[in-house]
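Structure at a glance
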Amino acid sequence: MDTNSNPRKHYQRFHVLHRILHIIIIVNFTFLAITGFLLYFSGFGWAGFWVSVMGGAGILGRVHRFCAVFLYMGILTHVSWLFYYKIVLKQKLSGPDSILPGKKDIKDMYQNLRYVFNKGTPPLFDRYSYLQKVDYWAVMLGMQTMGITGLMMWFPEAFTGIFPGYFINIAAHFHFHEAVLAVMYIGLVHMSDTHLVPDIFPMEKTIFTGKIEKKRFMEDHPEEWKRQQMMKD
Amino acid sequence: MQTGILRIKAKLQTGWIYPLLTAGYFFLVIAWFSSARAGTGTAPLSTWFVDMNQYTAAAHGSLKCEDCHGPMNSMKAPHPDPGAASFLKTRIKRDFDYQACQKCHKTAYKRFLKGEHAKAAAKEKLSGTPSKTGEAPNCGDCHSAHYSGSHLSRAQIGKQMTETCGACHPEQKRSFLADYHGKAAVNLGYDKAAFCTDCHGAHTTLSLKDKDVALNACRRCHFDATPEFANIIIHDSTKTIALKNETKKSSLKWIHWLGTLSLVFVVIVLVFFYMHTGLLMLRKLHKKLRRHK
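No experiment lies behind these values; they were computed from the predicted model shown. (Residues numbered from 1 in each chain as written. Chains lettered and ligands numbered in written order. Predicted model: local features only at pLDDT ≥ 70, side-chain atom pairs only at ≥ 80, totals over all residues. Heavy atoms only, no water.)

Some words on the packing of helix H10 (residues 170-178) of chain B against helix H11 (residues 180-187) of chain B
Residues and elements named next belong to chain B. Relative orientation of the contacting elements H10 and H11 amounts to 90°, with a least axis distance of 4 Å. Here H10 is positioned roughly perpendicular relative to H11, judged by the angle of their axes. For the pair H10 and H11, the contacting residues are Phe176, Leu177 and Ala178 in the first and Tyr180, His181, Gly182, Lys183, Val186 and Asn187 in the second. (Axes fitted to C-alpha atoms, helices over the stretch in contact; angles between N-to-C directions. Helix = DSSP H or I, 4+ residues; strand = E, 2+ residues; numbered from the N terminus. Parallel < 35°, antiparallel > 145°, perpendicular 65-115°, else oblique. Contact = heavy atoms within 4.5 Å.)

Listed below in structure tokens is the structure:
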């Protein structure tokens, strides 16, 4: 029935804006991680060597700040798109298509963990699986902490006008720990869950092309697929 | 007839391996030479005997011995007896009269006399015992009169200074190197960052316990620094520094507590998701392999 009414092989999943924003995040995140960790671990010889190759501490610091601003502008673009989506396009931000966490995600995670131990079937995801939601919110919330703590260290003169001096030191700890979390999460969890999964390996192209194969759509987002078919009928 | 190993050997011997090995050895030799050369730049251990080659190359190389040590007969003292038990056993840096330095370095000497190290020396003289940090230093304890280099860059001087100050203040050195200033300045040679003397003063060696003095030090680079700015902790250490300062003690408690909390959070999140991903991956691999059987 599906194949007759719909001979297409690919479906549109991501808007071009989100694909561009994802690439902006990739590029800036990589540069931020490289420059930040080289500066933090400057005590080791190899880090000092690479910093001198890249132009010294001053340039590296400037690159770090430039990329931070660039990346945060991406976040702001996304937030303004959310407003546009809600106010101008009059679309719903909640509901089954939403990226907001819901009760279903906890159920899905529980079911998935049961499935891992061979007790039951894998959960049927909607438009976003709970892992995709975690990926999204890790960036969204992580960038707020990184942004605030980074600004505190960038403009300590202004922030000590409001907060006690030792808040700058706390910001430095948070900034580093959050950076470790972000890099180790993106590097292992996000990469494996998207690219290394046996059905997808070697690479997930949906976020770059915006298109998803019909087969993968039906397997990975069965609830959304079902809803789309029902709406057509 | 060739065995496997021989065949691999034959493959490796085809040309490119030799230039590569030569280049590698050449690089190693260059590295060894440059490190050996760098080694001669540092001052040797203080002895009674002056290495004239190094002396003439150093900052004071143009001075005659008498310029600092005075003419040999000025003290009207007889030449020490080479057979005596105390011959060449006196402590060089304690016995030399460093007033000779002020002939040329007037400002530095004046500042030194006003500074904390001179105060420590006076205290030491009164009580007769050195402080916990060690004997109060004079010029020669920080500067090598015979071998200190000339025309050094700001970063080179700063790196040496961190070692010099750190010899008596190891905890301060450690915490400075863990701070942004130390990392940029010493580890990366960024000469716009602050070295020890940029905050504490070269010869006055202020302790910066006083808020106003500290704020003045901050404002040398951070022009808009607020009074609270001086409470940002540079030397994150509870061992020797914070003991006398209650505000710093309580701030450090908060910093360490919240820092540990955020670290624990990071570890918990990572452990959870690593286990989740690992298990899920195994399950999916299992399913895939079974399907194709």
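Points about the domain arrangement of chain A
Residues and elements named next belong to chain A. Annotation of chain A at the domain level lists domain 1 (12-94) and domain 2 (102-233). Relative placement of domain 1 and domain 2: their C-alpha centres are 16 Å apart. Taken together, the contact between domain 1 and domain 2 spans 22 residues of the former and 25 residues of the latter. Both sides together, the interface formed by domain 1 and domain 2 hides about 2100 Å², and carbon and sulfur atoms give 70% of it. (Domains from an automatic or database assignment. Buried area = accessible area lost by both parts, 1.4 Å probe.)

With respect to the nonpolar core
Membership of the largest hydrophobic core comes to 13 residues, with the highest contact counts inside it found for Met152(A), Ile168(A), Cys218(B), Ala225(B), Phe229(B) and Ala230(B). When residues of this core are traced back to their parent elements, those giving at least two are helix H6 (130-154) and helix H8 (166-196) of chain A together with helix H13 (211-219) of chain B. When sequence neighbours within four positions are dropped, the list of residues in contact with Phe229(B) reads Pro156(A), Glu157(A), Thr160(A), Cys218(B) and His222(B). (Core = buried A, V, L, I, M, F, W, Y, C linked by side-chain atoms within 4.5 Å. Buried < 20%, exposed > 50% of the residue type's maximum accessible area, 1.4 Å probe, protein only.)

Focus on the interface of chain A and chain B
Contact residues are listed per partner, giving 46 residues for chain A and 40 residues for chain B. Buried surface at the junction of chain A and chain B, summed over both partners, amounts to about 3900 Å²; 71% is from carbon and sulfur atoms. Per-residue buried area on chain A facing chain B is highest for Glu157(A), Tyr166(A) and Pro198(A); these three make up 15% of the total on that side. Applying the counting criterion to the chain A and chain B interface returns zero salt bridges. At the junction of chain A with chain B, the criterion picks out 13 residue pairs in polar contact (both at pLDDT 80 or more). Of all the elements in the fold, those that place two or more residues in the side of chain A that touches chain B are helix H2 (16-40), helix H3 (45-53), helix H4 (56-88), helix H5 (103-116), H6, helix H7 (156-159) and H8 of chain A. Among the elements that make up the side of chain A that touches chain B, the one with the highest residue count is H8(A) (16 residues). Per-class residue counts for the side of chain A that touches chain B are 29 nonpolar, 13 polar and four charged. (Salt bridge = Lys/Arg side-chain N within 4 Å of Asp/Glu carboxyl O. Polar contact = N/O pair within 3.5 Å; in protein donor to acceptor, adjacent residues only side chain to side chain. Nonpolar A, V, L, I, M, F, W, Y, C, P; charged D, E, K, R; others polar.)

Here's the deal with a nonpolar patch on the surface
Taken together, the side chains of Ile34(A), Phe44(A), Trp46(A), Phe49(A), Trp50(A), Val53(A) and Met54(A) define a hydrophobic patch exposed on the protein surface, amounting to about 730 Å² of accessible area. Its place among the elements puts Phe49(A) in helix H3. (Patch = residues over 30% accessible without salt bridge, like charges linked within 9 Å, V, L, I, M, F, W, Y side chains within 5 Å. Areas by Shrake-Rupley, 256 points an atom, 1.4 Å probe, with all protein chains shown as cover.)

Thoughts on a positive patch on the surface
Residue and element names in this part refer to chain B. A cluster of like positive charges, contributed by Lys106, Lys110, Arg111 and Lys114, occupies part of the molecular surface. Locating Arg111 in the fold gives a position in helix H6 (residues 106-114). Residue classification places Arg111 among the partly exposed residues on the basis of a relative accessible area of 45%. (Lys, Arg positive; Asp, Glu negative; His and termini not counted. Charge placed at Lys NZ, Arg CZ, Asp CG, Glu CD.)

With respect to the pattern of salt bridges
Per the counting criterion, the structure on display carries 16 salt bridges over all chains. The shortest N-O distance in the salt bridge between Glu163(B) and Lys173(B) comes to 3.3 Å. Of the two residues, Glu163(B) sits in helix H9 (residues 154-168) while Lys173(B) sits in helix H10, which places them ten residues apart along the sequence. Take Glu163(B): its relative accessible area is 48%, and that puts it in the partly exposed class. Taking relative accessible area as the criterion, Lys173(B) reaches 24% and is therefore assigned partly exposed. Notably, a salt bridge pairs Glu246(B) with Lys249(B), separated by 3.7 Å at the nearest N-O pair. Of this pair, Glu246(B) and Lys249(B) are both found in helix H14 (residues 246-291), three residues apart, which corresponds to roughly one turn of the helix. Classification of Glu246(B) as exposed rests on a relative accessible area of 55%. Via salt bridges that share partners, Arg13(A), Arg127(A) and Glu224(A) belong to a single interconnected network.

What about unusual backbone geometry?
All names here are of chain A. A cis amide bond links Phe201 to the next residue, Pro202, at an omega of 10°. Secondary-structure assignment places Pro202 in the loop between H8 and helix H9 (206-209). Phi is positive for Lys90, which is not a glycine, with a value near 55°. Locating Lys90 in the fold gives a position in the loop between H4 and H5.

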